[in-house]
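A look at the structure
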Amino acid sequence: MKFFIDTASLDEIRAAAELGVLDGVTTNPSLIAKIVRDPSNFTYSDFKEHIAKICDIVDGPVSAEVTTLKAEEMIAQGEDLAAIHENVVVKCPLTVDGLKAIRHFSQQGIRTNATLVFSPNQALLAAKAGADYVSPFVGRLDDISTDGMGLVEQIVTMYDNYGYLTEVIVASVRHPQHVVEASMIGADIATIPYPVIRQLANHPLTDAGLKKFMEDAAVMKR
Ligand code: E4P
């Protein structure tokens, strides 16, 4: 199973990379907005520079999202984003226009991540259009009392049934149990916020056991 980090923060990306468990990065416009100190001075070229900095830190897929709605505009922006670095994956919303753009990119050999996926049929369309990755948003579905992980299970089954190579990224992860369930289902990837990555390492019995070991080790002479 691959772990991506779901953030645009360079500090968080560096910290997760240092753990040695990081396989890639996903960003979206909201995550970018969070790290911008002065929005009035943040340009599209600053955005591209930021994506390039992320690519310098992590040697793996880095999803950069298009910020346009029409297929032709997504295609122009996606080609521009893909030119930043070979690891850039163009993130397109699962809309009719997004599908057209995904099909275009797939024919051009530009990798894509179909995002904002909330139904099995959207995921099927993403695979048929040639998306390299599909991102079902489990947390946002859970928020509206819908089974987010149930959707992941459906997508994994559908893709297995037909041998689609599109990799499933469990997105909108909110807590460690989402990661456990994603791995039990056999999802290819979970994209995880940094605080949740840290939570994965925690266990109260580890803390208690370590405390006792340190106390007992203190009887030894240095
Ligand atoms: C990742 O690709 C998604 O953009 C992200 O996981 C969405 O997460 P959120 O629902 O916490 O905003």
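The sections below set out a description of the structure shown in this document. (Residues numbered from 1 in each chain as written. Predicted model: local features only at pLDDT ≥ 70, side-chain atom pairs only at ≥ 80, totals over all residues. Heavy atoms only, no water.)

Quick word on the site of the ligand
Which entries qualify depends on this criterion: Throughout, near means a residue has at least one heavy atom within 4 Å of the molecule or strand. Two N or O atoms form a polar contact when they lie within 3.5 Å of each other; inside protein one atom must be a possible hydrogen donor and the other a possible acceptor, and for residues adjacent in sequence the pair counts only when both atoms belong to side chains. Computed by Shrake-Rupley with a 1.4 Å probe, the accessible areas treat only the displayed protein chains as cover when residues are assessed. Lys, Arg, Asp and Glu make up the charged group, whereas Ala, Val, Leu, Ile, Met, Phe, Trp, Tyr, Cys and Pro make up the nonpolar group; the residues left over, Gly among them, are polar.
In the region of the ligand, the neighbouring residues are Asp-6, Thr-26, Asn-28, Lys-91, Phe-137, Arg-140, Ala-171, Ser-172 and Arg-174. Between the ligand and the protein, one listed contact pairs an oxygen atom with a side-chain N or O atom of Arg-174 at 3.1 Å. Protein contact buries 84% of the 340 Å² of open area that the ligand shows by itself. Here the shell around the ligand is composed, by residue class, of two nonpolar, three polar and four charged.

Here's the deal with the packing of aromatic side chains
Definition in use: A pair of Phe, Tyr and Trp rings is counted when the ring centres sit within 6.5 Å of each other, with Trp represented by its six-membered ring. The angle between the planes then sorts it: under 30 degrees is stacked, over 60 is edge-to-face, the rest tilted. To qualify as a helix, a DSSP run of H or I must reach at least 4 residues; to qualify as a strand, a run of E must reach at least 2; elements of each kind are numbered from the N terminus. Burial here depends on accessible area, computed with a 1.4 Å probe over protein chains only, as a share of the maximum for the residue type. Under 20% is buried, over 50% is exposed, and the range in between is partly exposed.
In the structure shown here, the tally under the stated rule is five aromatic pairs. On the numbers, 5.5 Å between centres and 65° between planes, the contact of Phe-118 with Phe-137 is edge-to-face. Residue Phe-118 is found in the loop between strand E5 (112–117) and helix H6 (120–129), and its partner Phe-137 is found in the loop between strand E6 (133–136) and helix H7 (138–143); the two are separated by 19 residues along the sequence. Of the residues examined, Phe-118 reaches a relative accessible area of 30% and is grouped as partly exposed. We classify Phe-137 as buried; its relative accessible area is 6%. Considering the side-chain rings of Tyr-162 and Tyr-164, the 6.2 Å spacing of their centres and the 45° angle between planes classify their relative orientation as tilted. Since its relative accessible area comes to 62%, Tyr-162 is described here as exposed. Three or more aromatic residues link up through ring pairs in this structure, and these residues are Tyr-159, Tyr-162 and Tyr-164.

Observations concerning the pairing of strand E7 (residues 167–170)
Threshold: Strand pairing is defined by DSSP finding a minimum of two bridges between the two strands.
Pairing of E6 with E7, which is carried by two bridges, proceeds in the parallel orientation. Bridge pairing links Val-134 to Val-168 in E7. Two strands pair when backbone bridges link them, and E7 and strand E8 (residues 189–192) are joined in this way by two bridges, in the parallel orientation. Across the sheet, Ile-169 pairs through a bridge with Ile-189, a residue of E8.

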